[in-house]
Amino acid sequence: MADYFDEMGWTPLGNSETPNHAMLMARFLRDTGMWELLGEHEKLPPPASKDVVKNLPEIEYKDKLDKREQCPVCIRDFETGNTAKALPCEHNFHKECIEPWLEKTNSCPLCRYELLTDDEDYENYKKEKKRAAEREKDLEALHDSMFS
């Protein structure tokens, strides 16, 4: 089992190091529920990572399509010779349609699947949100096991 610092992704303070008081205040605000009142949780997600967008697989439509398939952004049919980008959620878009979208936000326009970003704070926020949901499930399971 991982220790507290490994689980949280932190390193303990060394000798003669002082804590980051601004970070402690931010954690206090988050833990007491005041962070939501400040509206800090309502930030828009940052753009997708440029490396992730560049490395998305490209699909070239060479043969006649068996079924009609459309780009969800521009609603035009994919035709022979079109190049599409495939997101990890298996939604396909014209390259010229999805790249401007991913320059503004990191999610699929259809299902909101989130791609990685270059914003370290946002990535840490997502990890913390995931951990909070897991802790909530664990507490619920513990409660159910004790009182059922």
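Check the entry above for the structure.
What you see is a predicted model, and the numbers here were worked out from it, not measured in a lab.

J.: Any chance you could explain the nonpolar core here in plain terms?
T.: Counting 15 residues, the largest nonpolar core has L87, F93 and L102 as the members making the most contacts within it. Dropping the residues within four chain positions of it, L87 is found in contact with L56, F93, I98, L102, C108 and L115.

J.: Is there a simple way to think about the side chain of N92 in this case?
T.: Along the chain, N92 turns up in strand 3 (residues 92–94). Under the relative-accessibility criterion, N92 is labelled buried at 16%. Separated by 3.3 Å, the side chains of N92 and E69 make a polar contact. The residues contacting N92, other than those within four sequence positions of it, are I59, Y61, E69, C71, P72, F78, A84, K85 and A86.

J.: Mind showing me how you'd approach the side chain of R131 here?
T.: Locating R131 in the fold gives a position in helix 6 (residues 120–147). Apart from the residues within four sequence positions on either side, R131 is in contact with E7, M8 and G9.

J.: Please explain the pattern of salt bridges as it appears in this structure.
T.: Opposite charge on two side chains allows them to pair when their charged atoms are near. Applying the stated criterion across every chain yields a total of eight salt bridges. The partner of E58 in a salt bridge is K85, with the nearest N and O atoms 3.6 Å apart. Residue E58 is found in strand 1 (residues 58–60), and its partner K85 is found in strand 2 (residues 83–86); the two are separated by 27 residues along the sequence. You can call K85 buried: its relative accessible area is 3%. Note that E123 and K126 form a salt bridge whose closest N and O atoms lie 3.6 Å from each other. Of the two residues, E123 and K126 both sit in helix 6, three residues apart, roughly one turn of that helix. Three or more residues joined by partner-sharing salt bridges are found here, namely E58, K85, K95 and E99.

J.: Hey, could you run me through the packing of aromatic side chains in this one?
T.: Aromatic ring pairs: the centre-centre distance and the angle between the two ring planes describe each pair. Per the counting criterion, the structure on display carries one aromatic pair. Aromatic pair Y122 and Y125: ring centres 6.0 Å apart, planes at 40°, arrangement tilted. Pair noted here: Y122 and Y125 are both in helix 6, with a separation of three residues, about one helical turn. Y122 gets classed as buried once you look at its relative accessible area, which sits at 12%.

Rules of the game
Residues numbered from 1 in each chain as written. Predicted model: local features only at pLDDT ≥ 70, side-chain atom pairs only at ≥ 80, totals over all residues. Heavy atoms only, no water. Core = buried A, V, L, I, M, F, W, Y, C linked by side-chain atoms within 4.5 Å. Buried < 20%, exposed > 50% of the residue type's maximum accessible area, 1.4 Å probe, protein only. Contact = heavy atoms within 4.5 Å. Helix = DSSP H or I, 4+ residues; strand = E, 2+ residues; numbered from the N terminus. Polar contact = N/O pair within 3.5 Å; in protein donor to acceptor, adjacent residues only side chain to side chain. Salt bridge = Lys/Arg side-chain N within 4 Å of Asp/Glu carboxyl O. Phe/Tyr/Trp six-rings, centres within 6.5 Å; stacked < 30°, edge-to-face > 60°.

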